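Per-entry structural report
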Amino acid sequence: MKVLITGANGFVGKALFNFLKDKKYDIKGTLRSDSAKDLIDRGCCVVGDLNKDTDWSQALKDIDVVIHTAARVHAMNLKVLDKDAYFRIPNVEGTINLAQQALKYGVKRFIFLSTIKVCGEETNLDQGFQADDMPNPKEPYANSKLEAEKALFSLAKDTSMEVVIIRLPIVYGPNVKGNFKQIIYWIKRGLPLPFGNVVNKRSFIGVNNLVHLIDVCTHHPNAGNQIFMASDGYDLSTLETFELIGSILGKKPKIIYVPQKLIIWLGNFLRQQKKIDRLTRSLRVNIDKTCSVLEWHPPFSVKESMENAFKEKMK
């Protein structure tokens with residue numbers, strides 16, 4: 001099987017490239033620029049920016065499966081005038097262009113990494129989003145991913161190329177950025193964390209579990225033209241997340257107990273609402289369909305995945 005990974009120097013793309021290389025897949029990768037010389041030496045090529053005019057001909061020859069990890073990702077406090085166009089050009093137009101060219105080259109399966117945000121921003125404490133839930137995106141990034149999903153399924157309906165959608169929660173692993181990097185900073189410096197009274201649950205997935213799931217999706221006969229949810233299979237509250245990361249770092253987090261309503265009010269007052277939402281709201285996914293249809297189960301526990309991600313941060 002010959003596999004193309006787009007965005008091979010990204011957080012997920014690079015981990016996937018190394019994982020499949022180790023499993024002796026015949027791998028190609030694409031990069032936006034020539035800055036990652038080590039990956040170019042290992043079979044990657046530069047295609048430039050992701051848009052409706054990107055030329056994929058050099059990358060797609062003889063490819064059986066495309067794994068599309070390249071995207072413009074969600075960012076908090078984004079300062080651009082036209083957010084819809086900012087995400088739509090690479091995530092929708094760029095994806096459709098790639099898929100259309102993949103068809104011409106006889107690609108058999110197209111795996112697209114999407115986001116649980118196409119379903120919404122929040123769930124109940126005891127219930128997660130499922131693959132067949134009605135989409136309810138709330139912001140431009142999620143809109144762009146949902147539009148790309150629909151376009152891919154429309155394309156697959158009239159062709160022989162199968163589409164596989166994987167909707168992701170927050171992905172973590174070695175050198176992760178964003179919220180997890182911030183949490184590590186807070187815990188290592190012994191800063192007071194006012195989340196002792198927060199009652200919530202969130203789904204995450206370690207990059208080591210994710211690459212294993214993507215591998216299964218490249219060849220499983222039941223994966224074609226399906227949507228799958230992804231997670232570690234065990235959801236954590238904010239307090240549990242702090243305590244688990246603290247135990248890995250060998251430093252007990254300094255938890256203080258502040259009413260959840262007060263935390264939310266302070267977040268709004270300080271214009272940090274989105275960051276506080278991630279730490280106080282529930283956002284869960286249900287992976288029952290993923291496990292049953294693909295006969296898959298996350299090979300690493302949450303504790304193992306987080307140890308793999310954060311143990312080096314003890315230094």
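Residues numbered from 1 in each chain as written. Predicted model: local features only at pLDDT ≥ 70, side-chain atom pairs only at ≥ 80, totals over all residues. Heavy atoms only, no water.

**What to know about the layout of surface pockets**
The computed volume of the second largest pocket comes to approximately 330 Å³. As for the second largest pocket, its lining consists of 17 residues, of which Trp-186, Phe-195, Gln-272, Ile-276 and Leu-279 are closest to the centre. Looking at the lining of the second largest pocket, the elements that each hand over two or more residues are helix 6 (179-188), strand 8 (192-193), helix 9 (260-269) and helix 10 (273-280). Of the residues forming the lining of the second largest pocket, the biggest block, four residues, is contributed by helix 6. (1 Å grid on protein atoms, 1.4 Å probe; cavity = no way out; pocket = protein on both sides within 12 Å on 5 of 7 lines; lining within 4 Å. Points joined across faces, edges and corners; volume = space filled by probe spheres on them. Helix = DSSP H or I, 4+ residues; strand = E, 2+ residues; numbered from the N terminus.)

**Section: the nonpolar core**
Val-66, Ile-67, Phe-110 and Ile-166 are the most contacted members of the largest nonpolar core, which has 67 residues in total. Here this core gets seven residues from one element, more than from any other, and that element is helix 7 (residues 207-219). The residues contacting Ile-67, other than those within four sequence positions of it, are Val-3, Leu-4, Ile-5, Thr-6, Leu-16, Leu-20, Ile-111, Ile-214 and Thr-218. Listed in part, the 26 residues of the second largest apolar core include Ile-184, Leu-244, Val-302 and Phe-310. (Core = buried A, V, L, I, M, F, W, Y, C linked by side-chain atoms within 4.5 Å. Buried < 20%, exposed > 50% of the residue type's maximum accessible area, 1.4 Å probe, protein only. Contact = heavy atoms within 4.5 Å.)

**A look at unusual backbone geometry**
Even without being glycine, Asp-62 reaches a positive phi, approximately 70°. Looking at the element boundaries, Asp-62 is found in the loop between helix 3 (57-60) and strand 4 (65-68).

**Let's talk about the environment of Ile-67**
On the secondary structure map, Ile-67 appears in strand 4. Along the backbone, Ile-67 and Asp-215 are 148 residues apart, and their C-alpha atoms lie at a distance of 9.7 Å.

**Quick notes on empty space enclosed by the protein**
Under the defined criterion, the tally for this structure stands at one cavity of 30 Å³ or more. By volume, the largest cavity is sized at about 120 Å³. Taken together, 13 residues line the largest cavity, and the ones lying closest to its centre are Asn-179, Ile-183, Phe-204, Arg-278 and Leu-279. Contributions of two or more residues to the lining of the largest cavity are made by helix 6, helix 8 (238-249) and helix 10. Residue composition of the lining of the largest cavity, by class: six nonpolar, five polar and two charged. (Nonpolar A, V, L, I, M, F, W, Y, C, P; charged D, E, K, R; others polar.)

**Describing the state of the cysteines**
Under the definition given, this model contains zero disulfides. With no disulfide partner, Cys-45 has as its closest neighbouring cysteine sulfur the one in Cys-44, 7.3 Å distant. Residue classification places Cys-45 among the buried positions, given a relative accessible area of 11%. You can see Cys-291 has no disulfide; the closest cysteine sulfur is in Cys-217, sitting 11 Å from it. (Disulfide = S-S within 2.5 Å.)

**As for the environment of Ser-154**
Of note, Ser-154 is situated in helix 5 (residues 140-157). For Ser-154, a relative accessible area of 42% translates into the label partly exposed. Taking C-alpha positions, Ser-154 is 43 Å from Leu-244, a pair spaced 90 residues apart along the chain.

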